[in-house]
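Below are the chains, spelled out letter by letter.
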Amino acid sequence: MVVVISWNVNGFRSVLKKGFLEWVKSFQPDILCLQETKLKPQDIKEEGIQLPEGYLHYWAFAKKPGYSGTAFFSKKEPKAIIPVNDPVFADEGRVQIADFDKFILVNSYWPNSQDERARLPYKLEFIDKLLEVLNKFVKNEKRNVLVCGDFNIAHTEIDLARPKENENHAGFYIEEREALTKFFNAGYVDTFRLFCKEGGHYTWWSYRTKARERNIGWRIDYHVVNKAFVKNVKRSWILSDVY
DNA sequence: TCTTGCAAGGG
DNA sequence: ACCCATGCG
DNA sequence: CCCTTGCAAGACCGCATGGGT
C-alpha cells in the first residue's frame, strides 16, 4: 500500500515554522507532493533549508523568485525522473513527473486564471498539453498514472460553498470547468468522488472573514488516475487537521 | 468573502 | 536590522 | 416616488521579494 499526499504549502519556509517536519515524521506518507514552495535553487543547494528525514527530495523551480514551484519527497527512489522541458510547465516549476514503476506520478500546480480571465488562455494551454503528456503514457505506453496537485478549479456546484456568487470568479469560470470536464472525460478519474458524492468537502478556504472556520471553501485540489488504475485505488480523502 | 454604492425596473 | 511597497494568490 | 434586484469595485490576509534607510 502506497500513501500519496498532496499539499499546497504556500511557502515551504512558512510551513517549516508551523511544524511541517513534525507532521511528516508522524504521518509518514510514502510520497509527499508539494505545490507553491516559493523556493529558489540556491535555498536547497546551500543546505540552508531543513528537509524531512528518510526521504529523497526532488524540486522544480520557477524562474521568478519567490513564486510557484513544486517538490516531492519519496521514501523510495523512483525508477526514473522524467524531464519536463516544455516552457508551459517548466518556466514556473509547475509540473514534475516521476516513474515509480507501478505508476507514473505527476505532481502539478495548475495556473490561477486570475481576475478578468487574464491567465485563462495560459491555463487552457497548460491543461491541453498536460492531457497530451498523459495520453502518451496511458494510450501509447499502456502505463498507469496518478496526477495530483492544486488544479485551481472547482469542477461543479457541489465543489464550492458559493457557486452562484463565484460564476464569474477565477477558479470557477465556465471555460476552466469545461476544460476539467474534458480532462475527466478523456479517461482520468477524480478519485475523491469515487468515495464521496456529497458536497461540503473542501481543500481551500478564502483568507478573508474566517472562511475556514465556517467551511465556506472550494475543492480545488485533486488526485486523478487513469481509468484502468481505478481498481488499485483503496482510498481518497482530505486531511482536515493540517494547516 | 463580504460590504458598499449606484443604476435600472416594477409597483 | 528594520520598515514599507509590490506581486501574487 | 420608493423599494427591491443586480451588478461591479474595493478591502481584506499571508508569504516572499526588493528597495530604502
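First things first, this report covers the structure right here in the doc. Quantities reported herein were computed from a predicted structural model and do not represent experimental measurements.

### Examining the pattern of salt bridges
Consideration 1: Under the criterion given, the structure shown has 19 salt bridges.
Consideration 2: Asp 99 is the partner of Lys 79 in a salt bridge, and the nearest nitrogen-oxygen pair spans 3.9 Å. In this pair, Lys 79 is assigned in the loop between strand E4 (70–74) and strand E5 (80–82) and Asp 99 in strand E6 (residues 95–99), connecting sequence segments 20 residues apart.
Consideration 3: The shortest N-O distance in the salt bridge between Arg 219 and Asp 159 comes to 3.0 Å. In this pair, Arg 219 is assigned in the loop between strand E11 (217–218) and strand E12 (221–226) and Asp 159 in the loop between strand E8 (145–150) and helix H6 (174–185), connecting sequence segments 60 residues apart.
Consideration 4: Look at Arg 219 and you get buried, because its relative accessible area is 1%.

### So, the packing of aromatic side chains
Consideration 1: On inspection of all chains with the given rule, the structure shows 23 aromatic pairs.
Consideration 2: Centre to centre, the rings of Trp 110 and Phe 126 are 6.0 Å apart; their planes meet at 55°, and the pair counts as tilted. Here the residue Trp 110 occupies a position in the loop between strand E7 (104–109) and helix H5 (120–140), and Phe 126 occupies one in helix H5, the gap between them amounting to 16 residues.
Consideration 3: We classify Trp 110 as buried; its relative accessible area is 0%.

### Structural notes on the sheet that holds E6
Consideration 1: As summarised here, the arrangement of the six strands in space is E5-E6-E7-E8-E12-E9, forming an open sheet in which the pairing is mixed. One side of each edge strand has no neighbouring strand; the edge strands of this open sheet are E5 and strand E9 (188–190). The mean angle between the axes of side-by-side strands here comes to 20°, regardless of whether they run parallel or antiparallel.

### Quick notes on the packing of H5 against H6
Consideration 1: Interhelical geometry of H5 versus H6 gives an angle of 5° and a closest axis separation of 10 Å. When the axes of H5 and H6 are compared, the pair comes out roughly parallel. Residues Leu 120, Lys 123, Leu 124, Ile 127, Asp 128, Leu 130, Leu 131 and Leu 134 of H5 lie in contact with H6, whose contacting residues are Glu 175, Glu 176, Ala 179, Lys 182 and Phe 183.
Consideration 2: Its residues placed into classes, the contact of H5 with H6 shows eight nonpolar, no polar and five charged.

### With respect to the pairing of E8
Consideration 1: Here E8 lies mainly inside the structure; six of its six residues are buried.
Consideration 2: Handedness of the crossover joining E7 and E8 through H5: right-handed.

### A look at the protein's contact with DNA strand B
Consideration 1: Looking at DNA strand B, the residues that line it are Arg 162, Asn 166, Ser 206, Arg 208, Thr 209, Arg 214, Ile 216 and Trp 218.
Consideration 2: Take the atoms of DNA strand B that sit within 4 Å of the protein: sugar and phosphate atoms are 80% of them.
Consideration 3: One of the side-chain N or O atoms of Arg 214 is found 2.5 Å from a phosphate oxygen in DNA strand B.
Consideration 4: One of the side-chain N or O atoms of Trp 218 is found 2.9 Å from a phosphate oxygen in DNA strand B.
Consideration 5: Of the residues that constitute the surface near DNA strand B, the class distribution is two nonpolar, three polar and three charged.

### A look at the nonpolar core
Consideration 1: Trp 110, Phe 126 and Phe 183 are the most contacted members of the largest nonpolar core, which has 27 residues in total.
Consideration 2: Residue assignment for this core shows that the elements contributing at least two residues are helix H4 (87–90), E6, E7, H5, E8, H6 and E12.
Consideration 3: Ranked by residues supplied to this core, first place goes to H5 with nine residues.
Consideration 4: Formed by 19 residues, the second largest nonpolar core is a distinct cluster that contains Trp 7, Phe 12, Tyr 55 and Phe 73.

Scoring rules and cut-offs
- Residues numbered from 1 in each chain as written.
- Chains lettered and ligands numbered in written order.
- Predicted model: local features only at pLDDT ≥ 70, side-chain atom pairs only at ≥ 80, totals over all residues.
- Heavy atoms only, no water.
- Salt bridge = Lys/Arg side-chain N within 4 Å of Asp/Glu carboxyl O.
- Helix = DSSP H or I, 4+ residues; strand = E, 2+ residues; numbered from the N terminus.
- Buried < 20%, exposed > 50% of the residue type's maximum accessible area, 1.4 Å probe, protein only.
- Phe/Tyr/Trp six-rings, centres within 6.5 Å; stacked < 30°, edge-to-face > 60°.
- Pairing = 2+ DSSP bridges.
- Axes fitted to C-alpha atoms, helices over the stretch in contact; angles between N-to-C directions.
- Parallel < 35°, antiparallel > 145°, perpendicular 65-115°, else oblique.
- Contact = heavy atoms within 4.5 Å.
- Nonpolar A, V, L, I, M, F, W, Y, C, P; charged D, E, K, R; others polar.
- Right-handed = clockwise from strand over helix to strand, strands pointing away.
- Near = heavy atom within 4 Å.
- Polar contact = N/O pair within 3.5 Å; in protein donor to acceptor, adjacent residues only side chain to side chain.
- Core = buried A, V, L, I, M, F, W, Y, C linked by side-chain atoms within 4.5 Å.

Function cannot be read off these values alone, since they describe shape.
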